[in-house]
Amino acid sequence: MNTSIGNSSAVLSMRRGAVLHINARTRTYLNSKSKFPFLLSLSFSTATPRAARATASMSYHKQLAAAKKAASVAARLCQKVQTALLQSDVQSKSDKSPVTVADYGSQAIVSLILEKELTSIPLSLVAEEDSGDLRKEESRETLHRITELVNDTFASDGTINISPVSEEDVLKAIDTGKSEGGPHGQHWVLDPIDGTKGFVRGQQYAIALALLDEGKVVLGVLACPNLPLSSIAKSDFSSSEDKVGCLFFAEVGGGTYMQSLDGSPPTKVHVSTNENLEEASFFESYEAAHSSHDLSSLIATKLGVKAPPVRIDSQAKYGALSRGDGSIYLRFPRRGYVEKIWDHAAGYIVVAEAGGVVNDAGGKPLDFSKGRYLDLDTGIVVTNQKLMPALLKAVQESISEKASSL
Ligand SMILES: Nc1ncnc2c1ncn2[C@@H]1O[C@H](COP(=O)(O)O)[C@@H](OP(=O)(O)O)[C@H]1O
Ligand SMILES: [Mg+2]
Ligand SMILES: [Mg+2]
Ligand SMILES: [Mg+2]
């Protein structure tokens, strides 16, 4: 049995390999309570060992406060859009992935807030979206709508002191995200909506923001507007009593914290201490096109994992893992797919600072210093320190078995 958080189906199957979709009650709940399901993540990294040592003692409190504010405000825009998601809000980028006015609006908001709050060094931002399609004649209405959304979101937040922005300001703010990142200096890394497909389906998504300093991730923020505040480990996690909207944040050396998006005091979170694979449960993408469900099923069988996979969109998986909802996150994209740093930077530090380990399938740590892409072996494997050796062994055996059976 697999568990999916979503609102599209009322199917519950007890068979391994099948998916537990949420029921009608859950759907009503999600519709009424998770009006703004976003996950926002932000991370910052550093690159060379010497520079990394130099920055290890640095504090990023000011940047973290700005990141939390930027992600939370962007999440409000996303929530507003998801509530009223219209077919006309869904555009098609050249790679055919869905992109909504909320992706653009979220990116503009994060860029504008970081610029406003952090004036000491010029903003370098590595972000997913760019303004290319928006500058086309046929996008005039869309650009107008995004600008309105950005201004309305700022106007309804008493703590933001940003004057109304023009359409050109919005295009420029989006295009600050064109930085190439790399091993030197500080670069923000933003996925304005991670899990756009989940967002469009009315399910899980995140706003993910991180900071790199000399190639290392030094802080990360994940805003997950539709993630329940209580554990999603159990298949009944989405009871109508659950409150949703989580903000995870982590700073290098400072641990990981979670608070509600509406501002409850933060609590420190830790990954699961589970050492028993039979009792482990694992997360994976909702979309089989993003990660092989067959391979993860083979690995789970080999390890003796009994629980069904929990399938949800976005870096909400890293957030849920950081608070011990499950013990393992497996991601195996199709051959040739190149992972982007904004899909993992914030989630990486949220899990690492909660005591977890994020490796590629070959057992190497992820390297965020190579520019906009991650150069990694086969896939991404996340768990606690105790389980990682056995997990990597099963992953490598399963990959070989699958390859030899082809
Ligand atoms: N074929 C593919 N394989 C792996 N990842 C893919 C993919 N196509 C898109 N993605 C990435 O998977 C992300 C979503 O991950 P998940 O499956 O965990 O929800 C997408 O982020 P966006 O939604 O920000 O575009 C996108 O970057
Ligand atoms: Mg995308
Ligand atoms: Mg993404
Ligand atoms: Mg995205």
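In this text, all values refer to a predicted model and were calculated from it rather than measured experimentally.

1. What about the overall build of the protein?
Moving on, step 1. In terms of helices and strands, the protein carries eleven helices and 16 strands.
Moving on, step 2. Each of the 406 residues in the protein was classed as buried or not, and the buried ones make up 58%.
Moving on, step 3. By sequence separation, contacts in the protein at least 24 residues apart represent 75% of the contacts at least 6 residues apart.
Moving on, step 4. Total accessible area on the protein is roughly 16,400 Å²; 52% of this is exposed by carbon and sulfur atoms.

2. Some words on the environment of Val382
Moving on, step 1. Tracing the chain through its elements places Val382 in strand 16 (residues 380-384).
Moving on, step 2. Given a relative accessible area of 0%, Val382 falls into the buried group.
Moving on, step 3. Separated by 267 residues in sequence, Val382 and Glu115 have C-alpha atoms that sit 33 Å apart.
Moving on, step 4. When neighbours within four sequence positions are excluded, Val382 is seen to be in contact with Tyr318, Leu321, Ser327, Ile328, Tyr329, Val351, Val357, Val358, Met388 and Leu391.

3. Digging into the UniProt feature "binding site: Mg(2+)" (unreviewed entry) in the protein
Moving on, step 1. Per the UniProt record, "binding site: Mg(2+)" (unreviewed entry) is found at Glu128, Asp191, Ile193, Asp194 and Asp343. The greatest C-alpha distance among the residues just named is 9.7 Å, despite their covering 216 residues of sequence, which places them together in space.
Moving on, step 2. By relative accessible area, which is 0% here, Asp191 ends up buried.
Moving on, step 3. Position of Asp194 among the secondary structure elements: in strand 7 (residues 186-194).

4. Focus on the nonpolar core
Moving on, step 1. With 53 residues, the main nonpolar core has Leu114, Val150, Phe154 and Trp188 as its most contacted residues.
Moving on, step 2. Those elements that provide at least two residues to this core are helix 3 (61-83), helix 4 (101-117), strand 6 (125-127), helix 5 (140-155), helix 6 (167-175), strand 7, strand 8 (206-228) and strand 9 (244-251).
Moving on, step 3. Looking at which element gives the most residues to this core, the answer is helix 3, with eleven residues.
Moving on, step 4. If near-sequence neighbours (up to four positions away) are discounted, Phe154 is found in contact with Val73, Ile109, Leu112, Ile113, Ile160 and Ile162.
Moving on, step 5. Core analysis: the next-biggest nonpolar cluster, separate from the first, contains 39 residues, Ala208, Cys224, Ala345 and Val351 among them.

5. What about the coordination of the magnesium ion (ligand 4)?
Each donor-metal-donor angle in an ideal tetrahedron of four donors is 109.5 degrees, and each such angle in an ideal octahedron of six donors is either 90 or 180 degrees.
Moving on, step 1. Of the protein atoms, only Glu128 (OE), Asp191 (OD) and Ile193 (O) coordinate the magnesium ion (ligand 4), at distances of 2.0 to 2.2 Å.
Moving on, step 2. Every donor residue of the magnesium ion (ligand 4) comes from the same chain, spaced as E-x62-D-x1-I.
Moving on, step 3. A separation of 3.8 Å is found between the magnesium ion (ligand 4) and the magnesium ion (ligand 2), both of which receive a donor from Glu128. In this pair, Glu128 sits in the loop between strand 6 and helix 5 while Asp191 sits in strand 7, placing the two residues 63 residues apart along the sequence.
Moving on, step 4. The class of Glu128 is partly exposed, set by a relative accessible area of 23%.

6. What to know about the pairing of strand 14 (residues 328-331)
Moving on, step 1. Residues Ile328 and Leu330 line one face of strand 14 and the alternating positions Tyr329 and Arg331 line the opposite face, and both faces are buried.
Moving on, step 2. Pairing between strand 12 (residues 282-284) and strand 14: two bridges, direction parallel. Looking at the pairing, Phe282 lines up with Ile328 of strand 14.
Moving on, step 3. Bridge analysis of strand 14 against strand 16 gives three bridges, and the strand direction is antiparallel. Residue pairing in the sheet places Tyr329 in a bridge with Val382 of strand 16.

7. A look at the site of ligand 1
Moving on, step 1. Lining the immediate environment of ligand 1, one finds 17 residues, of which Ser285, His290, Ser314, Lys317 and Asp343 sit closest.
Moving on, step 2. The separation between an oxygen atom of ligand 1 and a polar side-chain atom of Glu128 is 3.0 Å.
Moving on, step 3. In this structure, an oxygen atom belonging to ligand 1 sits 3.0 Å away from a side-chain N or O atom of Asp191.
Moving on, step 4. When the free accessible area of ligand 1 is taken as 570 Å², the share hidden by the protein chains comes to 88%.
Moving on, step 5. Top element by residues in the shell around ligand 1 is strand 7. It accounts for three residues.
Moving on, step 6. Here the residues of the shell around ligand 1 are counted per class, giving four nonpolar, five polar and eight charged.

8. Remarks on the environment of His184
Moving on, step 1. Here His184 lies in the loop between helix 6 and strand 7.
Moving on, step 2. Accessibility expressed as a relative area gives 52% for His184, which makes it exposed.
Moving on, step 3. Linking His184 and Asp213, residues 29 residues apart in sequence, is a C-alpha distance of 7.1 Å.

9. Notes on the pattern of salt bridges
Moving on, step 1. Summed over the entire model, instances satisfying the criterion amount to 18 salt bridges.
Moving on, step 2. Glu278 serves as the salt-bridge partner of Lys306, at 3.0 Å between the closest nitrogen and oxygen. Of this pair, Lys306 sits in the loop between helix 8 (293-303) and strand 13 (310-311) while Glu278 sits in the loop between strand 11 (267-269) and strand 12, and the two are 28 residues apart along the sequence.
Moving on, step 3. The partner of Arg323 in a salt bridge is Asp325, and the shortest N-O contact between them spans 2.9 Å. Asp325 shares its class with Arg323; the two are buried.
Moving on, step 4. A single salt-bridge network, built from bridges that share partners, covers Lys302, Lys393, Glu397 and Glu401.

About the thresholds
- Residues numbered from 1 in each chain as written.
- Chains lettered and ligands numbered in written order.
- Predicted model: local features only at pLDDT ≥ 70, side-chain atom pairs only at ≥ 80, totals over all residues.
- Heavy atoms only, no water.
- Helix = DSSP H or I, 4+ residues; strand = E, 2+ residues; numbered from the N terminus.
- Buried < 20%, exposed > 50% of the residue type's maximum accessible area, 1.4 Å probe, protein only.
- Contact = heavy atoms within 4.5 Å.
- Areas by Shrake-Rupley, 256 points an atom, 1.4 Å probe, with all protein chains shown as cover.
- UniProt positions renumbered as here; feature names shortened; annotations may be inferred.
- Core = buried A, V, L, I, M, F, W, Y, C linked by side-chain atoms within 4.5 Å.
- Donors = N, O, S within 2.8 Å, 3.2 Å for Na, K, Ca; no water.
- Pairing = 2+ DSSP bridges.
- Near = heavy atom within 4 Å.
- Polar contact = N/O pair within 3.5 Å; in protein donor to acceptor, adjacent residues only side chain to side chain.
- Nonpolar A, V, L, I, M, F, W, Y, C, P; charged D, E, K, R; others polar.
- Salt bridge = Lys/Arg side-chain N within 4 Å of Asp/Glu carboxyl O.

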